[in-house]
Amino acid sequence: MRYAYHPQTDGHSERTIVSLEDLLRTCVLDHLGSWDEMLSLVEFTYNNSYHASIRMTLYEAFYRKKCRTPLCWYQNDEAVLVGPKLLQHTIEKVRQIQEKMKASQSRKKSYAY
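So, here's what we can say about the structure. Just so you know, the residues in each chain are numbered from 1, in the order the chain's sequence is written. In keeping with the model being predicted, local features are shown solely for residues with a pLDDT of at least 70 and side-chain atom pairs are shown and tallied solely at 80 or more, while totals for entire chains, interfaces and linings include all residues. Only hydrogens and water are set aside; all other atoms, that is, all heavy atoms of the structure, feed into the side-chain values.

1. Quick notes on helix α2 (residues 35-47)
Argument step 1. Spanning 13 residues, α2 covers 18 Å between terminal C-alpha atoms, matching the ideal 18 Å at 1.5 Å per step.
Argument step 2. The classification of residues rests on relative accessible area computed with a 1.4 Å probe and restricted to protein chains. Under 20% of the type maximum is buried, over 50% is exposed, and intermediate values are partly exposed. We count a stretch as a helix when DSSP gives it H or I for four or more residues in a row; a strand needs E for two or more, and each element gets its number in order from the N terminus. Buried within α2 we find M38, L41, V42, T45 and Y46. Along the axis of α2, the buried residues cluster in a sector spanning 135 degrees; they form a single face. Expected span of a helix, by definition, is 1.5 Å for each gap between consecutive residues, and there is one gap fewer than residues. Think of it as the arc spanned by the lines of direction from the helix axis to the C-beta atoms.

2. Observations regarding the environment of V42
Argument step 1. Considering the arrangement of structural elements, one finds V42 in helix α2.
Argument step 2. With a relative accessible area of 2%, V42 lands in the buried category.
Argument step 3. Along the chain, V42 and Q98 lie 56 residues apart, while their C-alpha atoms are 8.7 Å from each other.
Argument step 4. Leaving out residues up to four positions away in the same chain, V42 has contacts with L20, L23, L24, C27 and I97. Two residues form a contact once any of their heavy atoms are found within 4.5 Å.

3. With respect to the pattern of salt bridges
Argument step 1. Salt-bridge detection follows one rule: a side-chain nitrogen of Lys or Arg within 4 Å of a carboxyl oxygen of Asp or Glu. What the rule picks out here adds up to five salt bridges.
Argument step 2. Linking K100 and D30 is a salt bridge whose minimum nitrogen-to-oxygen distance equals 2.7 Å. Residue K100 is found in helix α4 (residues 88-112), and its partner D30 is found in the loop between α1 (11-29) and α2; the two are separated by 70 residues along the sequence.
Argument step 3. A relative accessible area of 21% means that K100 is categorised as partly exposed.
Argument step 4. Overall, D30 belongs to the partly exposed group, its relative accessible area being 41%.
Argument step 5. Residue K66 is joined to E60 by a salt bridge in which the shortest nitrogen-to-oxygen separation is 3.3 Å.
Argument step 6. Through salt bridges with shared partners, a single network forms among E92, R95 and E99.

Below, the structure is given as structure tokens:
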């Protein structure tokens, strides 16, 4: 597979874009939803996943606070799930995306070694 070269971006940005493309493609192929339905959930999941290199999530690094959404509300540094049953479907999709992201990261680590 070929990716366009963008000289205005650095290597880290390119790797992030490729990772997000792969994750979005996997989610769509596994019938979790269409790409336009999944894009915001993939972005949310990526931005709220722990990054060992910075020892926090990207959201925390950027905003200097934990993410507060109806899916995951933090009170006293503890995650509390709130909201109606209607959110259960979205929570399940985010969980599935997290699993796919972990599997993808493991594959990429095995390629590096």
